[in-house]
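Read off the chains here:
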Amino acid sequence: MYARVKSLGIFGLDCFDVTVECDISQGLPRFDVVGLPDAVVRESRERVRASIKNCRLEFPVSRITVNIAPADIKKEGSLYDLPVFIAMLKASNQMQGDTDSYAFIGELSLDGDIRPINGVLPMLLKAKEQGISAVFIPYGNMLEGSVLDGIDILPVKSVFEVIRHISGTEKISSCYNSKFRTSKISYNIDFSEVKGQAEAKRALEIAAAGGHNCIMVGPPGAGKSMLARRLPTILPDMTFEEKLETTKIYSIAGLIPGDKAIIDSRPFRSPHHTVSVQALAGGGINIRPGEISLAHNGVMFMDEFPEFDRRCKESLRQPLEDLAVNISRASGSVTYPSNLMLIAAMNPCPCGFYGHPAKECKCSDAARKRYMDKVSGPILDRIDIHIEVAPVEYDQLSGRGNEESSADIKKRVDKAREIQRKRFEGTNVSCNAKMTPKMTKEFCVLSTDADKLLKISFEKLGLSARAYDKILRMARTIADLDDSDNIEMNHIAEALQYRSLDRKYWNSENINTRS
């Protein structure tokens, strides 16, 4: 006897249709799984065999061949257990009912329970795109599946529920819930908790308003990490499309919290400086997303930036420019999105007190230069805003004055982002930092005085073409915060000051002459 059922597969972010075929014929008892399965898929034979027996069903004592098509794409993971189980029951005439309109994904336990799997959301989106009317998913993935409408998502705890639904004896209700489209986010941290640091706060406000990357240089305890961790509190709320994009990545990585249906707050990833290149950029045998992709639509904070492995820092070059990570392995190539804001923090020298007003730096000139040279020019050039975070004075720390709250800063950021939304409507660009060269030329119109100032600065500072573009985009953001159509001289002047810090800390002449 022969039977087939529908399922889905996933490779990277790309999903594909899968057909699970089962043929039961005469011959010596044997159970083969073909169709380019990996070790986990091949092990499904034993899980399916035990499930059938422990559910008091009859395991066919015949020659069994299961084909997971298409045969030219490698199948990975335990998600094919359920479709193999259903196909075998149909081929052995132990289950009645039409399954042509259903797709099945899920891992089986040995007693017939259905366990959660990774990557449910992108597969459901593919099923909806392909016109599949209903998909059986593990009950543990119910919240994840409940964000989609237009397709019946049927969460099941055991194979008995699947059998009863298909036979018509007990129907399962779809789990769609629309409330996740309008959820509100609250944070337990706030910018009002940061004393002083007005210049750094202003820089991060500009970064949030335009999606700009930022590096903060300052001594230990100045508040760099405290500032960076509060950046998500002033970022614009995610759109539903951004939530879906981010949740797809977290679904594949298996990182969606058990009590959440969707990633509804902007990600904040803070990898330790001992992270490997593969963990940062992504990779592995099954090519899973790394920290760069997990920070998509959010923030990646890299504290102690020089201490990261040089290959890790250099691996940021392509994602910061192309907004995507391309990973090529023998098993294939995968592209993960990486539309992120990079926030880096570092000390000005190994001991951390170079240029400190009260503490003496004990590092030699050579040691300072070696330390700063750990951050290469190409990486520094890709970071829009360079800001110095000075130590906070006692009077500021002990003062009882009220600092501006995240909510107040966010209002200005949202207003600037709304200007940009209208500006880039109909394109795939969401903020000023991601403008193409053509857009930069069109939207970054300088006044006469602003143009003169930028020309003089470009020649004197020896700026690169990339730095020139980033200054224009940054000035455009500052102008948006001022609700100005044109970029004036004060906007260019403020943007230029955020590109001058490298002359202080990365210029070898300065390092050798400053004490």
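You'll find the structure just up there.
Predicted, not measured: the structure shown is a model, and the values here were computed from it. (Residues numbered from 1 in each chain as written. Predicted model: local features only at pLDDT ≥ 70, side-chain atom pairs only at ≥ 80, totals over all residues. Heavy atoms only, no water.)

Asks: Would you mind showing me how to read the environment of Thr-440 here?
Replies: Tracing the chain through its elements places Thr-440 in helix α18 (residues 437-443). Each C-alpha atom, one on Thr-440 and one on Leu-472, is 7.3 Å from the other, the two residues being 32 residues apart in sequence. Only 3.1 Å separates the side chain of Thr-440 from the side chain of Arg-473, close enough to count as a polar contact. (Helix = DSSP H or I, 4+ residues; strand = E, 2+ residues; numbered from the N terminus. Polar contact = N/O pair within 3.5 Å; in protein donor to acceptor, adjacent residues only side chain to side chain.)

Asks: I'm lost on the pattern of salt bridges in this one. Help?
Replies: Opposite charge on two side chains permits them to pair, given that their charged atoms come into close proximity. Within this structure, the stated rule accounts for 31 salt bridges. Note that Arg-412 is salt-bridged to Glu-205, the shortest N-O span being 2.8 Å. Here Arg-412 is found in helix α17 (residues 406-423), whereas its partner Glu-205 is found in helix α7 (residues 198-210), with 207 residues between them in sequence. Residue Arg-412 is classed as partly exposed on the basis of its relative accessible area, which comes to 30%. Overlapping salt bridges bring together Glu-321, Asp-381, Arg-466 and Arg-499 as one network. (Salt bridge = Lys/Arg side-chain N within 4 Å of Asp/Glu carboxyl O. Buried < 20%, exposed > 50% of the residue type's maximum accessible area, 1.4 Å probe, protein only.)

Asks: For this particular structure, what's the right way to read the nonpolar core?
Replies: Looking at soluble globular proteins, one finds that nonpolar side chains tend to be buried together. One finds Phe-136 and Phe-305 to be the most contacted residues of the largest nonpolar core, which totals 110 residues. If one sorts the elements of this core by residue count, helix α3 (residues 81-91) sits on top with eight residues. Residue contacts for Phe-305: discarding those within four places in its chain leaves Ile-215, Lys-313, Leu-316, Ala-344, Ala-345, Met-346, Val-375 and Ile-379. The next biggest cluster of nonpolar side chains, apart from the first, holds 50 residues, and it includes Ala-203, Leu-204, Ile-487 and Ala-495. (Core = buried A, V, L, I, M, F, W, Y, C linked by side-chain atoms within 4.5 Å. Contact = heavy atoms within 4.5 Å.)

Asks: Can you help me understand the packing of α3 against helix α6 (residues 159-167) in this one?
Replies: For any two helices packed against each other, the geometry is given by the interaxial angle and the distance between the axes. Here α3 crosses α6 at 50 degrees, and the two axes come no closer than 12 Å. Between α3 and α6, the interaxial angle falls into the category oblique. Our pair here, α3 against α6, has a crossing hand that is right-handed. Across the interface between the two elements, Leu-82, Phe-85, Ile-86 and Leu-89 from α3 touch Val-159, Val-162 and Ile-163 from α6. Here the contact of α3 with α6 is built from residues that sort into seven nonpolar, no polar and no charged. (Axes fitted to C-alpha atoms, helices over the stretch in contact; angles between N-to-C directions. Parallel < 35°, antiparallel > 145°, perpendicular 65-115°, else oblique. Left-handed = near helix turned anticlockwise from the far one by under 90°. Nonpolar A, V, L, I, M, F, W, Y, C, P; charged D, E, K, R; others polar.)

Asks: Would you explain helix α14 (residues 365-372) in this entry?
Replies: Note on helix geometry: an α-helix contains 3.6 residues per turn, so any two residues three or four positions apart are oriented the same way. The complete set of buried residues in α14 reads Ala-367, Arg-368, Tyr-371 and Met-372. All buried residues of α14 fall inside an arc of 130 degrees around its axis, so they share one side. (Arc of directions from axis to C-beta.)

Asks: Would you mind going over unusual backbone geometry with me for this structure?
Replies: Most peptide bonds take the trans configuration, and most residues that are not glycine carry a negative phi. In this model, Ala-69 is joined to Pro-70 through a cis peptide bond whose omega is 5 degrees. Mapped onto the fold, Pro-70 is located in the loop between β4 (63-69) and α3. Here Asn-93, not a glycine, exhibits a phi torsion of approximately 60 degrees, which is positive. On the secondary structure map, Asn-93 appears in the loop between α3 and β5 (102-104).

Asks: Sorry, what's going on with the packing of aromatic side chains here?
Replies: Describing an aromatic ring pair means giving the distance of the ring centres and the angle of the ring planes. This model, assessed by the stated rule, comprises eight aromatic pairs. Relative to Phe-104, the ring of Tyr-102 lies with its centre 6.4 Å away and its plane at 55 degrees, an arrangement referred to as tilted. Residue Phe-104 is classed as buried on the basis of its relative accessible area of 0%. With a centroid separation of 5.2 Å and an interplanar angle of 50 degrees, the aromatic rings of Tyr-102 and Phe-136 are classed as tilted. Remark: Phe-136 occurs in strand β8 (residues 134-138) and Tyr-102 occurs in strand β5; sequence separation between them is 34 residues. Classification of Tyr-102 by relative accessible area gives buried; the value is 11%. Overall, Phe-136 belongs to the buried group, its relative accessible area being 0%. By way of ring pairs, the aromatic residues Tyr-102, Phe-104 and Phe-136 are connected into one cluster. Note that Arg-423 overlies the ring of Phe-424, its terminal NZ or CZ placed 5.8 Å from the centroid. Directly above the aromatic system of Phe-443 lies the positively charged group of Arg-423, at a separation of 6.0 Å from the ring centroid. (Phe/Tyr/Trp six-rings, centres within 6.5 Å; stacked < 30°, edge-to-face > 60°. Lys NZ or Arg CZ within 6 Å of the ring centre and 35° of its normal.)

Asks: What is the right way to read helix α4 (residues 120-129) from this model?
Replies: Of all 10 residues in α4, seven are buried; the element is thus mostly enclosed. Taken together, the buried positions of α4 are Val-120, Leu-121, Pro-122, Met-123, Leu-124, Lys-126 and Ala-127. Those residues of α4 that are buried lie in contact with β1 (2-11), β2 (14-25), β8, α5 (142-145), β9 (152-156) and α9 (240-253). At the exit of α4 stands Gly-131, carrying a positive phi of roughly 80 degrees.

Asks: What exactly am I supposed to notice about the packing of helix α2 (residues 44-54) against α3 here?
Replies: Interaxial distance between α2 and α3 falls to 10 Å at its minimum, and their mutual angle equals 55 degrees. If you check the angle between α2 and α3, you find them oblique. For the crossing formed where α2 meets α3, the hand is right-handed. Of the residues in α3, those in contact with Ser-44, Arg-47, Val-48, Ser-51 and Ile-52 of α2 are Asp-81, Val-84, Phe-85 and Met-88. In the contact of α2 with α3, the residues fall into five nonpolar, two polar and two charged.

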